[in-house]
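Residues per chain, in single letters:
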Amino acid sequence: MKSVLVLGCGFEQLHAIELARKLGYRTVAMDRQELAFSPANGPDVFVHLDPSTLMSVVAIASKYRVDGILCAGIELADICAEACHMLGLPGVKPSAARICSDKLKLAECLKAAGLRHPETYHWIKGEFILPGRWITKPSDNSGARGVGLLYDVYGWNSTQDKEWRRASINCRIGVPIIQRYIEGRQISIEGCVRDGNFHLFAMADRHYDRAESPMLEDGHTTPADLDSGLHDKILYEFRRAIRAIGIDYGPVKGDIIIDSEENIWILEVAARTSGGRFISGTIPLAYGHEPLELIIKLAVGESFRWDTTFENVALASQRYFWADRDGQITSIQRTTRCDDAAEIQYPELNSRVSVAESHADRLGWVICADESSERATHRAIEIRDSITIVIS
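Participant: Any chance you could explain the nonpolar core here in plain terms?
Facilitator: Considering soluble globular proteins, one finds that nonpolar side chains tend to be buried as a cluster. Core analysis: the largest hydrophobic core is formed by 53 residues, its most contacted members being Leu 5, Ile 69, Ile 247 and Val 269. For this core, the element with the highest residue contribution is helix α7 (residues 228-245), accounting for 7 residues. Dropping the residues within four chain positions of it, Leu 5 is found in contact with Val 28, Ala 29, Met 30, Val 57, Ile 60, Ala 61, Val 66, Gly 68, Ile 69 and Leu 70. Membership of the second largest hydrophobic core comes to 30 residues, among which are Val 6, Cys 192, Ala 286 and Ile 296.

What follows is the structure in structure tokens.
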């Protein structure tokens, strides 16, 4: 029996663990939090240890003699790649994972390859002269942690200082960066590399229409509403980015911006799977396949025929629950409309919540499927908004 070490043991990773067990693999998971889960959906072995520490990952992988390490929906691709390399396990080259995990290195790499990527600087505390809109963020984190938006950066003021500090405290080991804001439509892309070839799973339209927090994604709809020409243009540019970075194996996800002139901007490339129920929620609904199963097989070096065709069978749309104030969830009032959803993840009753500052602060989600993307999106929003979450 093959075994796989899963980094993290949150909701996204528990889904991967469930699939790995169905495939007949022994599962080991490590997380810095001591989590509670039932034996039916938890790992075969749980280790209460921080997976962001390289030597801890190497030690656990060695102790349990795993055949592979899985990085699913968690920003630890560099740790995963280094550990796999040290142990001789299947995985992406550490040099490629390091580029993906450092937004300054990624910007340099994409620029050298002639790809469009927003102007990006190491944001040193002090005076800058940067007209226009700028995104502030940590160089090595994900999920919109520490992300802010500034207008016309001249000199140094209290607003800039606040955003600089927020970006700084959300760095893992990196530095704050400032990146030019590119206006346009945002697309997520998910796939994997095998035998040097990129295999596309899906693209999705990302939704940023919450006035309260315009920098936070409020869901997505897949497949993305693209004509064949634009779809192929995105795929061509993304493959160029993968080659430039040197990703030669395993999962790949990316964020793309299409500007008003239909130029393709490569915003992010990561050597891991996405979070937010894209690969594990909406893609299976829209295409009738579980791409995460293929990623798990790649992680343990399983030999298999690539005969899976991702043909669209439905339109799937997702929307999130958010807290409108800090406090404790004291009541969740459901409606009969909830029966129309393909999947609902409700917030946990009695849990402490706060107004969202990043994607990690989402409370749950609604996913709907339909033959029409408009109907799927409308239904997801309608069901989400029909549920009353009381916060006291």
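Participant: Would you explain the sheet that holds strand β15 (residues 327-333) in this entry?
Facilitator: Backbone-to-backbone hydrogen bonds join strands into a sheet, with any given pair of strands oriented parallel or antiparallel. With antiparallel pairing, the 3 strands of this open sheet are ordered in space as β17-β15-β19. The open sheet has two edge strands, β17 (352-353) and β19 (388-391), and neither has a second partner.

Participant: In this structure, what is going on with the packing of helix α1 (residues 11-22) against helix α9 (residues 291-299)? I would like to understand it.
Facilitator: A pair of packed helices is characterised by two quantities: the angle between their axes and the separation of those axes. Where α1 contacts α9, the axes come no closer than 10 Å and their chain directions differ by 75 degrees. Judged on the interaxial angle alone, α9 and α1 are roughly perpendicular. On the side of α1, the interface is formed by His 15, Ala 16, Leu 19 and Ala 20, while α9 contributes Leu 292, Glu 293 and Ile 296. Counted by class, the contact of α1 with α9 contains 5 nonpolar, 1 polar and 1 charged residues.

The rules behind each value
- Residues numbered from 1 in each chain as written.
- Predicted model: local features only at pLDDT ≥ 70, side-chain atom pairs only at ≥ 80, totals over all residues.
- Heavy atoms only, no water.
- Core = buried A, V, L, I, M, F, W, Y, C linked by side-chain atoms within 4.5 Å.
- Buried < 20%, exposed > 50% of the residue type's maximum accessible area, 1.4 Å probe, protein only.
- Helix = DSSP H or I, 4+ residues; strand = E, 2+ residues; numbered from the N terminus.
- Contact = heavy atoms within 4.5 Å.
- Pairing = 2+ DSSP bridges.
- Axes fitted to C-alpha atoms, helices over the stretch in contact; angles between N-to-C directions.
- Parallel < 35°, antiparallel > 145°, perpendicular 65-115°, else oblique.
- Nonpolar A, V, L, I, M, F, W, Y, C, P; charged D, E, K, R; others polar.

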